[in-house]
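# Coordinate inspection notes
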Amino acid sequence: YEKRMAVQAEAWTIFMAKASKKEALSYSDVPWPKVLLGGDLAMEAIMLPPQLVYDETAKKKLVREALRRWHPDKFQQRFEALLSPADRDR
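Residues numbered from 1 in each chain as written. Predicted model: local features only at pLDDT ≥ 70, side-chain atom pairs only at ≥ 80, totals over all residues. Heavy atoms only, no water.

A separate point is a positive patch on the surface. Judged by side-chain charge, Lys-60, Lys-61, Arg-64, Arg-68, Lys-74 and Arg-78 come together as a positively charged surface patch. Secondary-structure elements contributing two or more residues to the positive patch are α3 (56–70) and α4 (72–79). For the positive patch, the element with the highest residue contribution is α3, accounting for 4 residues. By secondary structure assignment, the location of Arg-64 is in helix α3. Note on Arg-64: relative accessible area 47%, which makes it partly exposed. (Patch = residues over 30% accessible without salt bridge, like charges linked within 9 Å, V, L, I, M, F, W, Y side chains within 5 Å. Areas by Shrake-Rupley, 256 points an atom, 1.4 Å probe, with all protein chains shown as cover. Salt bridge = Lys/Arg side-chain N within 4 Å of Asp/Glu carboxyl O. Lys, Arg positive; Asp, Glu negative; His and termini not counted. Charge placed at Lys NZ, Arg CZ, Asp CG, Glu CD. Helix = DSSP H or I, 4+ residues; strand = E, 2+ residues; numbered from the N terminus. Buried < 20%, exposed > 50% of the residue type's maximum accessible area, 1.4 Å probe, protein only.)

Right, let's get into helix α1 (residues 2–20). The terminal C-alpha atoms of α1 lie 27 Å apart, and with 19 residues this matches the ideal 27 Å at 1.5 Å per residue to within 8%. Taken residue by residue, α1 has Met-5, Gln-8, Trp-12, Phe-15 and Ala-19 as its buried positions. For α1, the angular spread of the buried residues around the axis is 85°, confining them to a single face. In α1, those exposed residues whose orientation departs by more than 90 degrees from the buried face are Lys-3, Val-7 and Ile-14. On its buried side, α1 packs onto α3 and α4. Two residues or fewer after α1 comes Lys-22, characterised by a positive phi angle close to 60°. (Expected span 1.5 Å × (residues − 1). Arc of directions from axis to C-beta. Contact = heavy atoms within 4.5 Å.)

Here the largest pocket defines a volume of roughly 250 Å³. Lining of the largest pocket is provided by Tyr-27, Val-30, Trp-32, Trp-70, Pro-72, Phe-75, Gln-76, Glu-80, Leu-83, Asp-87, Arg-88 and Arg-90. Each residue belonging to the lining of the largest pocket can be placed in one class, and the counts come to 7 nonpolar, 1 polar and 4 charged. Put simply, the second largest pocket is a space of about 160 Å³. Per-element tally for the lining of the second largest pocket: the top contributor is α1, with 5 residues. (1 Å grid on protein atoms, 1.4 Å probe; cavity = no way out; pocket = protein on both sides within 12 Å on 5 of 7 lines; lining within 4 Å. Points joined across faces, edges and corners; volume = space filled by probe spheres on them. Nonpolar A, V, L, I, M, F, W, Y, C, P; charged D, E, K, R; others polar.)

Put into structure tokens, the structure is as follows:
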């Protein structure tokens, strides 16, 4: 889990660097959370480290960040202008 979380964090960093340079983005550039069979999408989306499961303050912060990151309206506001027209409605 921790390795997947590190890979996801690195992919998000690369994605944000590309977006901050105002480079064109495609659907495949977005580092969507990857859930293993039987996994928990919410846990993958918030990238909650196992050691913080019981830390309510840290958990709330990570949940808030994940909601801002993945909420469709927020995502659209931040990245729609950079997405290729073919990928905007996906």
